[in-house]
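So the chains spell out like this:
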Amino acid sequence: QVQLVESGGGWVQAGGSLRLSCVASGSMFIINDMAWYRQAPGKERELVALITGGGNTNYADSVKGRFTISMDNSKNTVYLQMISLKPEDTAVYYCKADCNLPSNMRGEFWGLGTQVTVSS
């Protein structure tokens, strides 16, 4: 199995910046892609950004130009650099990893989330 641990959340004023990190650990897995999702109170969880093992990225329209996802394959770590934060970015941010496992299995794993609060 794969465990994901997020960090870097917190409180920031509008216009500020935060950098989230997510470390994947476990045994015998290969990461296909990693992503950040977020869920605001009363709303559904939504994809924020995704990065493949090859470095291709995809962003939600609402964060394009403000958020940057990156991955350090050697550390099994994905980052989300967030700038120009807005109150509507307030949410719990979750990390997700899609991994290849032994015996040709494939698994999807989630972290427990980290709270990001942006005040106006």
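Quick notes on the rules
Residues numbered from 1 in each chain as written. Predicted model: local features only at pLDDT ≥ 70, side-chain atom pairs only at ≥ 80, totals over all residues. Heavy atoms only, no water. Phe/Tyr/Trp six-rings, centres within 6.5 Å; stacked < 30°, edge-to-face > 60°. Lys NZ or Arg CZ within 6 Å of the ring centre and 35° of its normal. Core = buried A, V, L, I, M, F, W, Y, C linked by side-chain atoms within 4.5 Å. Buried < 20%, exposed > 50% of the residue type's maximum accessible area, 1.4 Å probe, protein only. Helix = DSSP H or I, 4+ residues; strand = E, 2+ residues; numbered from the N terminus. Contact = heavy atoms within 4.5 Å. Disulfide = S-S within 2.5 Å. Pairing = 2+ DSSP bridges. Axes fitted to C-alpha atoms, helices over the stretch in contact; angles between N-to-C directions.

Caption draft 1: Molecular detail of the packing of aromatic side chains. For the structure shown, the criterion picks out one aromatic pair. The ring of Tyr79 has Arg19 sitting right over it, with the charged end atom 4.0 Å from the ring centre. Here the guanidinium or amino end of Arg45 rests over the ring plane of Tyr94, the centre of that ring lying 3.7 Å away.

Caption draft 2: Main features of the nonpolar core. Grouped together as the largest cluster of nonpolar side chains are 34 residues, with contacts concentrated most on Leu4, Met34, Trp36, Leu80, Met82 and Tyr93. Elements supplying a minimum of two residues to this core: strand E1 (2–7), strand E3 (18–26), strand E4 (30–39), strand E5 (46–52), strand E7 (67–72), strand E8 (77–82), strand E9 (91–101) and strand E11 (114–119). Take this core: its biggest share by element is six residues, from E9. Residues in contact with Tyr93, not counting those within four places in the same chain, are Glu6, Leu20, Trp36, Tyr37, Arg38, Val48, Phe67, Leu80, Met82, Gly113, Thr114 and Val116.

Caption draft 3: Spotlight on unusual backbone geometry. Positive phi, normally seen in glycine, also occurs at Ser84, with a value near 50 degrees. Tracing the sequence through the fold places Ser84 in the loop between E8 and E9. Residue Ser84 is classed as partly exposed on the basis of its relative accessible area, which comes to 37%. The residue Ser103 is not glycine, and still its phi comes out positive at about 60 degrees. Owing to a relative accessible area of 67%, Ser103 belongs among the exposed residues under this scheme.

Caption draft 4: View of the state of the cysteines. Evaluated as defined, the whole model comprises one disulfide. Just so you know, Cys99 is unpaired, no disulfide at all, and the nearest cysteine sulfur is the one on Cys95, 9.4 Å from it.

Caption draft 5: Looking closely at the sheet that holds E1. Across the sheet, four strands lie side by side as E1-E3-E8-E7; this open sheet has antiparallel pairing. Single-partner strands in this sheet number two, and they are E1 and E7. Within the sheet, the average angular offset between the axes of one strand and its neighbour, ignoring direction, is 15 degrees. Taken together, the six bridges between E7 and E8 define a ladder with antiparallel strand orientation. Within E8, the position partnered with Phe67 by the bridge is Met82.

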